[in-house]
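# A structural walkthrough
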Amino acid sequence: MAFAVDPDRPLGRALRSVGKALAAAARDDLLLVGEDPVAAVHDARREIRSARAVVKLVRVSVGPKEYARQNG
């Protein structure tokens, strides 16, 4: 899944949207666990790794407490 960040939109809001979309995609992948459990879990884990990468991008700007909360 590719994302583009609108330069006219505040970066924090754009990255929050990306993170929410990745979390929703992971949830949707897990809804398909009955069809092919291995593929569903693999796809969900890939989405979660991408969401964590977004959180790591903003680690410095959000501070250690918020980073730990979001990373959890």
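To keep things clear, this report deals only with the structure shown in the data block. Position numbers for residues start from 1 in each chain and track the written sequence from start to end. Local features in a predicted model are, by the rule used here, given only for residues with pLDDT of at least 70; side-chain atom pairs are given and counted only at 80 or more, and totals for whole chains, interfaces and linings are based on all residues. Just so you know, side-chain values use all the structure's heavy atoms and leave hydrogens and water out.

Turning next to the overall build of the protein. In DSSP terms, a helix is any run of H or I states spanning at least four residues, a strand is any run of E spanning at least two, and both are numbered starting from the N terminus. Of the regular secondary structure elements, the protein holds four helices and zero strands. Its helices and strands taken in sequence order, the protein reads α-α-α-α from the N to the C terminus. By its C-alpha atoms, the protein is 40 × 30 × 15 Å across when sized along the principal axes. The buried share of the protein, reckoned over its 72 residues, is 21%. Just so you have it, the protein exposes about 5500 Å², and 58% of that area is on carbon and sulfur atoms. Exposure classes here rest on a 1.4 Å probe applied to the protein chains alone. A residue is buried below 20% of its type maximum, exposed above 50%, and partly exposed in between. Areas reported here follow the Shrake-Rupley algorithm with a probe of radius 1.4 Å; residue values treat only the protein chains shown as occluding.

Let's shift gears to the packing of helix α2 (residues 37-57) against helix α4 (residues 64-71). Fitted lines through C-alpha atoms serve as axes, helices being fitted only where they are in contact, and the angles separating the N-to-C directions of these axes extend from 0 to 180 degrees. Interhelical geometry of α2 versus α4 gives an angle of 175 degrees and a closest axis separation of 10 Å. Here α4 runs roughly antiparallel to α2, going by the angle between their axes. Residues R52, V55 and K56 of α2 form the contact with α4, whose own contacting residues are Y67, Q70 and N71. Here the term charged refers only to Asp, Glu, Lys and Arg, the term nonpolar to Ala, Val, Leu, Ile, Met, Phe, Trp, Tyr, Cys and Pro, and the term polar to all other amino acids, Gly among them. Counted by class, the contact of α2 with α4 contains two nonpolar, two polar and two charged residues. Here the angle decides the label: under 35 degrees means roughly parallel, over 145 means roughly antiparallel, 65 to 115 means roughly perpendicular, and every other value means oblique. Whether two residues touch is decided by their heavy atoms; if any such pair falls within 4.5 Å, the residues are in contact.

Attention shifts here to α2. A helix is expected to reach a length of 1.5 Å times the quantity of its residues less one. Compared with the 30 Å implied by 1.5 Å per residue over 21 residues, the 30 Å span of α2 between its first and last C-alpha is a close match. Buried within α2 are the following residues: A40, A44, E47, A51, V54 and V55. The buried residues of α2 occupy an angular sector of 100 degrees when projected down its axis, which confines them to one face. When the buried face of α2 is taken as reference, the exposed residues oriented beyond 90 degrees from it are V38, R45 and L57. Working definition: the arc comes from the directions between the helix axis and the C-beta atoms, pointing outward to the latter.

What follows deals with the packing of helix α1 (residues 11-31) against α2. Between α1 and α2, whose axes approach to 8 Å, the crossing angle comes to 165 degrees. In terms of orientation, α1 and α2 fall into the roughly antiparallel class. Our pair here, α1 against α2, has a crossing hand that is left-handed. Of α2, the residues touching α1 (which contributes L15, V18, L22, A25, A26, D29 and L30) are A40, V41, D43, A44, E47, I48, S50, A51 and V54. Working rule for handedness: look at the near helix, and if it is turned counterclockwise from the far one by less than a right angle, call the crossing left-handed; if clockwise, right-handed.

Pairing is possible between side chains that carry opposite charge, provided their charged atoms lie close to one another. In the sections that follow, a salt bridge refers to a side-chain nitrogen of Lys or Arg positioned within 4 Å of a carboxyl oxygen of Asp or Glu. Under the criterion given, the structure shown has two salt bridges. We note a salt bridge from D28 to R27, for which the minimum N-O separation is 3.3 Å. A residue is classified by how much of its surface remains accessible, and D28, at 38% relative accessible area, is partly exposed. R46 is the partner of D43 in a salt bridge, and the nearest nitrogen-oxygen pair spans 3.2 Å. Within this pair, D43 and its partner R46 are both found in helix α2, separated by three residues, close to a single helical turn. Here R46 falls in the partly exposed class, since its relative accessible area comes to 38%.

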